[in-house]
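Listed here are the chains, written in short residue letters.
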Amino acid sequence: MRVLVHTDAAEAWREALAERLPDAEILTSAAPADERRRADYLAAWKPSAALLGELTALKGIVNLGAGVDAMLDNPALPRGVPIVKLRDAGMAGPIADYARYGVLHFQRDFDRYRRQQARTEWRECPPVDKADWSVGVLGLGAIGARVAQALADDGFPVHGWSRSPRTLPGVRCHHGGDGLRELLPEVKSLVLLLPGTPATREIIDAEALAALPEGASLINPGRGSLIDEAALLDALGDGEAEGRLRGALLDAFPEEPLPASSPLWSHPRVLVTPHMAGPTPLGEALDQVAEALRAMDAGEDVETIDPEAGY
Ligand code: GLV
């Protein structure tokens, strides 16, 4: 089989895949066009439409990330070609840490102490016990489920939400539209780990934000498309005085890099990070990619994504 690799770290991936699949020919997107065109498989993160459009002989695609939204939105994506995505692949641990950091930031009042420090103000905020700080996790896929359980293991009461019913030890699971309406008023911090699909677009809109309790906080290591940004800014209110929404820790945005003109950059109660919550290191990801390529090429059953559902 001939595999074309396209990522920022394509050469490292090429070498590592060549070691794991000694009978395969592995090339990067820097190879000449006539060689690229003959690829049977593509292993890629956010390929351009021009690159994808060249690949007319593809038998399978491996998405080098957990979210397939960018791949599915690519206008040159060939129809009917099976797509495999990374599942956890070492990302869930760092994303759980990101969510923990966000939850602790608000539960232990680090946001308030940062503002107090700027005023040289020495004053302890009334402590709130973890047991009284319920956290909601929207999205219980491979990553969301690990994050929900990590937070529950830390001692936070955790509510999880998914489109269809799930059960997770130690997590109160809700599902469907009614389940979301049940969950939102219960949680002091809301963590977003849903896939970016037409069904989840701006699921956090003005109505959802209004359903959160006064002083709730939002943590988004998922997808920018999940949030209606105008409604978010409205719920946050201006300036340092806490609005209905106390603050937000945001890692994903509808347009990345986040444009310099975005008011989120300078909002005093928003922390912006550059889509770093879940790095995709080689290692576990490489094992998944090599195994998916081997299995697809051997005609074995592989777990592919459902392009209609978007994950
Ligand atoms: C990163 O955002 C990913 O989907 O893996």
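None of the values given here were measured: they were computed from a predicted structure. Counting starts from 1 at the beginning of each chain's written sequence and moves along it residue by residue. Predicted model: local features are reported for residues with pLDDT of at least 70 only, side-chain atom pairs are reported and counted for 80 or more only, and whole-chain, interface and lining totals are derived from all residues. Each side-chain value is derived from all of the structure's non-hydrogen atoms; neither hydrogens nor water enter the calculation.

Asks: So what exactly am I meant to see when it comes to the domain arrangement of the protein chain here?
Replies: Often, the extent of an interface is quoted as the loss of accessible area upon association of its parts. When its domains are assigned, the protein chain resolves into domain 1 (2–89 + 280–297) and domain 2 (92–272). The source of the domain bounds is an automatic or database domain assignment. One C-alpha centre belongs to domain 1, the other to domain 2; they are set 33 Å apart. Here, two residues are considered to be in contact whenever any of their heavy atoms come within 4.5 Å of each other. Taken together, the contact between domain 1 and domain 2 spans six residues of the former and six residues of the latter. What counts as buried area is the accessible surface, traced by a 1.4 Å probe, that two parts surrender upon association, with contributions from both included. Three residues stand out in domain 1 for area buried against domain 2, namely Ala 66, Asp 69 and Asp 88, and they jointly supply 79% of the buried area on that side. What counts as a salt bridge is simple: a side-chain nitrogen of Lys or Arg found within 4 Å of a carboxyl oxygen of Asp or Glu. For the pair domain 1 and domain 2, the interface holds two salt bridges. Two residues, Arg 223 and Asp 69, come together in a salt bridge whose shortest N-O distance is 2.7 Å. Pairs of N or O atoms are called polar contacts if they sit within 3.5 Å, as long as, within protein, a hydrogen donor faces a hydrogen acceptor (for residues adjacent in sequence, only side-chain-to-side-chain pairs). Linking domain 1 with domain 2 are three residue pairs in polar contact (both at pLDDT 80 or more), by the criterion used here. Just so you know the grouping, Ala, Val, Leu, Ile, Met, Phe, Trp, Tyr, Cys and Pro go in nonpolar, Asp, Glu, Lys and Arg go in charged, and all remaining residues, Gly too, go in polar. Counted by class, the side of domain 1 that touches domain 2 contains two nonpolar, one polar and three charged residues.

Asks: Can you help me understand the sheet that holds strand β9 (residues 189–192) in this one?
Replies: Strand pairing requires that DSSP identify at least two bridges connecting the strands. To qualify as a helix, a DSSP run of H or I must reach at least 4 residues; to qualify as a strand, a run of E must reach at least 2; elements of each kind are numbered from the N terminus. With parallel pairing, seven strands are arranged side by side in an open sheet as β8-β7-β6-β9-β10-β11-β12. Two strands in the sheet have a free side with no partner beyond their single neighbour: β8 (171–175) and β12 (270–272). Neighbour-to-neighbour, the strand axes of this sheet turn through a mean angle of 15 degrees, independent of strand direction. Here strand β10 (residues 216–220) pairs with strand β11 (residues 245–250) via five bridges, running parallel. Looking at the pairing, Ile 219 lines up with Leu 249 of β11. Contacts from helix α5 (residues 92–107) reach β6 (135–138), β9, β10, β11 and β12 within the one sheet, and its direction differs from that of β11 by about 155 degrees. Angles here are taken between N-to-C directions and fall from 0 to 180 degrees, while the axes themselves are lines fitted to C-alpha atoms, restricted in helices to the stretch in contact.

Asks: Help me understand the site of the ligand in this model?
Replies: Think of it this way: one heavy atom of a residue within 4 Å of a molecule or strand is enough to make that residue near it. Close to the ligand lie Trp 45, Gly 65, Ala 66, Gly 67, Met 91, Arg 223 and His 275. Here His 275 contributes a side-chain N or O atom positioned 2.6 Å from an oxygen atom of the ligand.

Asks: Hey, could you run me through the pairing of β6 in this one?
Replies: Each regular strand shows side chains that alternate between the opposite faces of the sheet. The rule is simple: take the accessible area with a 1.4 Å probe, protein chains only, and divide by the maximum for that residue type; under 20% is buried, over 50% is exposed, in between is partly exposed. Side chains of β6 alternate between two faces, with Val 135 and Val 137 and Gly 136 and Leu 138 buried alike. As judged from the four bridges shared by β6 and strand β7 (residues 158–162), these two strands associate in the parallel manner. If you follow Val 135 over to β7, its bridge partner there is Val 158. Between the parallel pair β6 and β7, the chain is carried across by helix α7 (residues 142–153), and the sense of this crossover is right-handed. A crossover counts as right-handed when, viewed with the strands pointing away from the observer, the path leading from the first strand over the helix to the second turns clockwise.

Asks: What's the story with the nonpolar core in this structure? I'm lost.
Replies: By size, the foremost hydrophobic cluster in this structure holds 52 residues, and its most contacted members are Leu 17, Leu 151 and Val 289. No fewer than three residues from each of domain 1 (2–89 + 280–297) and domain 2 (92–272) sit in this core. With near-sequence residues (within four places) excluded, Val 289 lies in contact with Trp 13, Leu 17, Ala 43, Val 62, Leu 64 and Leu 86. To qualify as a nonpolar core, a set must consist of buried Ala, Val, Leu, Ile, Met, Phe, Trp, Tyr and Cys residues joined through side-chain atoms within 4.5 Å. Core analysis: the second largest hydrophobic core is formed by 29 residues, Val 187, Leu 236, Leu 250 and Val 270 among them.

Asks: I keep staring at unusual backbone geometry and nothing clicks. Help me out?
Replies: Peptide bonds are, in most cases, trans, and in most cases residues other than glycine have a negative phi. Cis peptide bonds are those with omega within 30 degrees of zero, and the linkage from Glu 256 to Pro 257 qualifies with -5 degrees. Its location among the elements puts Pro 257 in the loop between β11 and β12. If you check the backbone angles, His 275 has positive phi at about 50 degrees while not being a glycine. By secondary structure assignment, the location of His 275 is in the loop between β12 and α11 (284–297). Classification of His 275 as partly exposed rests on a relative accessible area of 33%.

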